[in-house]
Amino acid sequence: MSKHPNKAPGLWLVIGLASYLLFPWYAIQDTAWYYVLPQILGGSETANGLMQALANDRNWLLTGLLGMGVAAAGLAFPAGKQQGRWLLAGGLVGLLGLIGSGFLIGARGWSFEVLNTSFGELAINQFGMGMGAFIALLSLVVITAFGLARIGYFKGDLFVAAAVVCCSALLALFIAFPVVKALSGAFLTEEGQWAATAIFQRISDSRIWNLNCLGGGVQCGVAWNTLFLALAAAFGTTVLGTMMALLAERCAGPRVQAPLRVIALLPIITPPFVVGLGLILLFGRAGIVNQFLEYAFDITPTRWFYGVLGILVAQLFAFTPIAFMIMRGVVQGLAPSLEEAAQILHADRKQTFFTVTLPLLKPGLANAFLVGFIESIADFGNPIVVGGQFSVLSTDIFFAIVGAQFDQGRAATLAWILTLFALGVFALQRGLLGKQNYTTVSGKGDSGIPMPLPDGLRRTLNGVVYPWLAFTLVVYLFAFVGGFVQTWGRDYTFTLVHFKTAFGIEWGQFGLVWSGAAWNSLFTTLKLSGLSAPLTAAVGLLIAYLLSRTDFRGRNTFEFVALLAFAIPGTVLGVSYILAFNVPPVELTGTGLIIVICFMFRNLPVGVQAGTAAFKQLDKALDEASLMLRATTAQTLFTIILPLLKPALVAALVYSFARAMTTVSAVIFLVTAENELATTYIIGRVGNGDYGVALAYCTVLIVLMSLIIALIQWTVGERKLGRRKAGAATALVTPA
Amino acid sequence: MTFGVEFRNITKRYGTNPSAPFAVKGVSFGIEKGTLTTILGPSGCGKTTVLRMIAGLESPTAGQIFMDGRDVTTLGPAERNVSMMFQSYALFPHMNVVENVMYGLRMSGVPKEAARSRAVETLRNVGLVGYDERMPSELSGGQQQRVALARALILEPGILLFDEPLSNLDARLRRDMREEIRAIQQRLQLTVAYVTHDQSEALAVSDLIIVMNDGLIAQSGTPQEMYEFPGSEFVAGFMGEAMLFPGEAGPDGSVTLGPLRITPKQVVDSGAVKVAVRPEAWQINRDGHGITGRLRKRSYLGSFFEYTFDTALGNIFVVSPDLTNVLDIGIDVGLSLADHGVSVVKAT
């Protein structure tokens, strides 16, 4: 056979060596690594790894090369346990040396005071890790994984070993490390000393936990605010989403399906605060309703809508479609034969619904509730737009970091509470439901016909859902119209001036001039989202593959950690990034890269979910057949699984792109004047009371996004199956 | 003598939990080159696990696997010279027939045109011509099966594995395909391991049958041996129908079964034994010779009759090919044993 067993380890060793020769080792301030390639042989900052170690006296960098040398020596042995030990030893030596020195030696010599006193000041410093260091670490991680595989873990499969170890390393570096580092900030006193009491002092702050509002006081603590709001929002979205799903799947004819699908798509392609803006135009001080009240009854307009009412209504509008998508999937998955069986056993339609249909929906309901809860506590846009004086955790964290207080300890404490809420609901959901899953799509055909809903229920659904849909449309319509009028509330003349301010284009002396104020942020957003979407989709599907198709020691732990990571609210992730990645060894603050990485790990769950759902529909015998025909795991992945996974791939791409375009909560901490994003720009405009431009920008975003999603769908194309028409229904894009 | 496949003391348990039950509890056997061996057993007996361990899709918990004298225990499927036909066929739904068949060659680096021409030839060998560009979903069950067979054959594997290959076909097609698999195996002198739960299929195609029960080999032998001389109650019951009666073996080697006396072909120790009798081994004597029985039930099955008699030994189930002299319900006849279809197993 032409496949040499040592080809992959050899290749990665070569890559590792190349990283020491061809790339600048450290991160370059203010420019990209490829601009300094000419200066790679000299310069304290720009040299490659070898020159840094030999000429610039940073000899600790040689540990990496030492590790690679040990691994290379191992290749002399035949593929087996002996070789595995050499590879593992080499990889670990290199990793420990590079990572250890990275943490111990920072931009000002030793990173810890203890080392200064015991070893004396270190004259040489080092900067954040750059391209060379990253590739060297990557190759060492892969070599370590190969070593594990050769010893006998992962069934000896090099590809699976490398994938699992690399994914774990990524999750550790970009989720566990920053979150732990940021949350540990709560234990530091103002002077930077460790004190376990610090967190108790902060956490017992009355601003967080008081319950004054129940006793007629002004306001409750911010933690209670968040919790009450999230519970109400999660309950409301779950109920409304379920009603919409039942109506769509069981009552409504095909005529209503199309609008429902559009409604379901809206929250994905619109920034979450568009609803808030639309509601302000309706109910705000200058809104239609108040204007009418003033005109008709002479009631002075007030800001009555701002506060808990406003946030709750806005979140209901914004997140109900997500619950709808989850519940629609579950309702579709119910086997009609179960309901038919109940009816054969003399249950009437109402009894059937309450004893069979509804209990079968239970896991879906819990899931929708969890998602609604997490979306609500992580929501930043709506509270800041319509929240008024009502504060929630996500906005408080923001003001603790960005505002005049700049209190890292308080931010970390609030992040603790937020994380614990999220994890608590996550644990509750998993604990209560366990592995219950009644989704009854099996290979066997189910020829039953879904039962029509009981009449009373159907009337209720019609009475609630249709007005709700109409109201949603009105809100979006107002948001749309708002961009085209002079000044809402005072001057309703039609104008394009807002669009011109934001997106003006002029012919200047030297060609086209993007004179609009919003172009810069739009281009940045497109670029960063575009970069992150394929990465997210690729890593997400890879993790889904590992979780659903491979079996290795520690798989359950891997799954648990991956899922846990996804329960961390975006605000916490954003705060963590800014606190963890502003010093070497990983110095990313202020770059576009940190935003891309944040997008990626924020949206990874979507890729994983879409992938896992798709893998469930793919017969495992197909992978095995390919393996039997002597394809490697990697060949199987690329020739069999990926082509069959196209719908999931499209879904993952679309969702991760769209979510990157519209997210606010995590990236609001990471943007700079240079790297302004569309959503943060809009929030800034709203802050200035500049609703016209903000709404115009929203309109442009929505239109642009619809076009891009259509484009992605068209490029990646449909799955080629040559299936007969009857079976075509399974090729659905799985909702996240 | 080197075996095509040899198992030495193989055990297998799923998962890493040391308290998990064994799926295979210490199995040793060999498959001779150029023969077809069937692994037969009820569902859950571990036969599919054995097949997947030959394939390299599962690795054994303990023990060794040899192929052509080479230890392959730790190797993956790609490093063993094996190929497999799956129960569900596992045809790649996004590739047409010829792409499916040439996939194995392409993955081993054979150029596209050469792979294609060999694929077309292999398809012709399994009797499928003119379907090269069809998608798998546009084929009938039998045609899909031929594609799966061609795909498994094209790599000219040292060992070919079949996982219940006929279970998705209707009865008539099943017999055709069964004969075709046997013919191809004999023509190409393939070493084949074949898993099934259908004993008649096993009897028809095998050189050797291994019956498994509860993770262990119950018995192995040629089809005749297995049917005529089952070594245990389980094998007797599983290899076709048999009724078991308690008997008594004498020191001279003969066995008494109620009023009947038989001389078994196997050697048995004296003491209590069980006698397994195939329903076709009973001879019906209208003159009352043998054990007396009264006809209770009668069913007509086209090519034979099924009778149930009430006797001193309990109910006896008899199959009679005699379609002309049909017995009436309630009639008394004598039942005696023919010299085939009767075997003696140890009492358990």
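This structure is a prediction, so every number in the text was calculated from the model and none was measured.

Rules used throughout
Residues numbered from 1 in each chain as written. Chains lettered and ligands numbered in written order. Predicted model: local features only at pLDDT ≥ 70, side-chain atom pairs only at ≥ 80, totals over all residues. Heavy atoms only, no water. Helix = DSSP H or I, 4+ residues; strand = E, 2+ residues; numbered from the N terminus. Buried < 20%, exposed > 50% of the residue type's maximum accessible area, 1.4 Å probe, protein only. Contact = heavy atoms within 4.5 Å. Areas by Shrake-Rupley, 256 points an atom, 1.4 Å probe, with all protein chains shown as cover. Buried area = accessible area lost by both parts, 1.4 Å probe. Salt bridge = Lys/Arg side-chain N within 4 Å of Asp/Glu carboxyl O. Polar contact = N/O pair within 3.5 Å; in protein donor to acceptor, adjacent residues only side chain to side chain. Nonpolar A, V, L, I, M, F, W, Y, C, P; charged D, E, K, R; others polar. Domains from an automatic or database assignment. Pairing = 2+ DSSP bridges. Axes fitted to C-alpha atoms, helices over the stretch in contact; angles between N-to-C directions. Phe/Tyr/Trp six-rings, centres within 6.5 Å; stacked < 30°, edge-to-face > 60°. Core = buried A, V, L, I, M, F, W, Y, C linked by side-chain atoms within 4.5 Å.

### So, the overall build of chain A
Tallying secondary structure elements over chain A gives 30 helices and eight strands in all. Of all 736 residues assigned to chain A, the portion counted as buried reaches 52%. Within chain A, residue pairs in contact and separated by at least 24 positions form 71% of the contacts whose partners lie at least 6 positions apart. Surface accessibility of chain A: about 33000 Å² in total, with carbon and sulfur atoms responsible for 66%.

### Details of the interface of chain B and chain A
Chain B puts 29 residues into the contact, and the matching count from chain A is 27 residues. In total, about 2500 Å² of surface goes out of reach between chain B and chain A, with carbon and sulfur atoms giving 62% of it. For the interface between chain B and chain A, the tally reads one salt bridge. Summed over the shared surface of chain B and chain A, the number is seven residue pairs in polar contact (both at pLDDT 80 or more). The class makeup of the residues in the side of chain B that touches chain A is 17 nonpolar, eight polar and four charged.

### Quick look at the domain arrangement of chain A
Here the domain parsing of chain A yields domain 1 (7-151), domain 2 (221-482) and domain 3 (511-721). Between the C-alpha centres of domain 1 of chain A and domain 2 of chain A the distance comes to 49 Å.

### Quick word on the sheet that holds strand β11 (residues 243-249) of chain B
All names here are of chain B. Pairing within the open sheet is antiparallel, and its five strands lie in the order β13-β12-β11-β14-β20. Only two strands of the sheet have a single neighbouring strand rather than two, namely β13 (260-262) and β20 (342-346). Adjacent strand axes in the sheet meet at a mean angle of 40° when their direction is disregarded. Sheet topology note: the β11/strand β12 (residues 255-257) ladder contains two bridges and is antiparallel. By the bridge assignment for β12, E248 is matched with T256.

### Thoughts on helix α26 (residues 620-628) of chain A
Counting buried residues along α26(A), seven of its nine residues qualify, which places the element largely inside the surrounding structure. All of the buried residues along α26(A) are A:A621, A:L622, A:D623, A:E624, A:A625, A:S626 and A:M628. For α26(A), the elements touching its buried residues are α22 (519-549) and α27 (633-644) of chain A together with α1 (47-55), β6 (82-85), α2 (97-107) and α4 (141-153) of chain B. Just past α26(A), the residue A:R630 takes up positive phi, approximately 70°.

### With respect to the packing of aromatic side chains
Within this structure, the stated rule accounts for 30 aromatic pairs over all chains. Here the aromatic rings of A:F353 and A:F354 are separated by 5.1 Å at their centres, their planes lie at 90°, and the arrangement is edge-to-face. Between B:F7 and B:F29 the ring centres are 4.8 Å apart and the planes differ by 25°, which places this aromatic pair in the stacked class. Here the residue B:F7 occupies a position in strand β1 (residues 5-13), and B:F29 occupies one in strand β2 (residues 22-31), the gap between them amounting to 22 residues. A connected cluster of aromatic rings, assembled from ring pairs, spans A:F103, A:F174, A:F177, A:Y577, A:F581 and A:F601.

### Here's the deal with the pairing of strand β4 (residues 491-494) of chain A
Sheet topology places strand β3 (residues 485-487) of chain A next to β4(A); two bridges connect them, and they run antiparallel. Note that in β4(A) the partner of A:V485 across the bridge is A:F494.

### Overview of unusual backbone geometry
Residues and elements named next belong to chain B. Even without glycine at this site, Y89 takes up a positive phi of about 70°. With respect to the element layout, Y89 can be found in the loop between β6 and α2. A relative accessible area of 4% means that Y89 is categorised as buried. The residue Q189 is not glycine, and still its phi comes out positive at about 55°. Examined against the element boundaries, Q189 turns out to sit in the loop between α5 (171-188) and β8 (191-196). Here Q189 falls in the exposed class, since its relative accessible area comes to 55%.

### Remarks on the nonpolar core
One recurring pattern in soluble globular proteins is that nonpolar side chains are buried together. Grouped together as the largest cluster of nonpolar side chains are 284 residues, with contacts concentrated most on A:Y577, A:F601, A:F669, A:Y697, B:F7 and B:I54. When residues of this core are assigned to their parent elements, the largest contribution, 15 residues, is made by helix α7 (residues 158-184) of chain A. Beyond its immediate chain neighbours, meaning those up to four positions away, A:Y697 contacts A:F503, A:A518, A:S521, A:L522, A:A678, A:Y681 and A:I682.

### With respect to the domain arrangement of chain B
Accessible area lost during the coming together of the parts is what is often quoted as the interface size. For chain B, the domain assignment lists domain 1 (5-228) and domain 2 (243-346). On a C-alpha basis, the centroid separation for the pair domain 1 of chain B and domain 2 of chain B is 39 Å.

### A word on the environment of B:M177
Residues and elements named next belong to chain B. Here M177 lies in helix α5. We classify M177 as buried; its relative accessible area is 1%. For the pair formed by M177 and R146, sequence separation is 31 residues and the distance between their alpha carbons is 8.7 Å. Beyond its immediate stretch of four places on either side in the chain, M177 contacts Q145, R146, L166 and L169.

### Looking at the sheet that holds strand β7 (residues 159-163) of chain B
All names here are of chain B. If you trace the six strands from one edge of the open sheet to the other, you get β6-β7-β8-β3-β9-β10, paired in mixed fashion. Of all the strands in the sheet, the pair left with one neighbour each is β6 and β10 (216-221). This sheet shows a mean twist of 20° between the axes of neighbouring strands, independent of strand direction. Sheet analysis places β6 next to β7, joined by four bridges and oriented parallel. The partner of S83 across the bridge, within β7, is L160.

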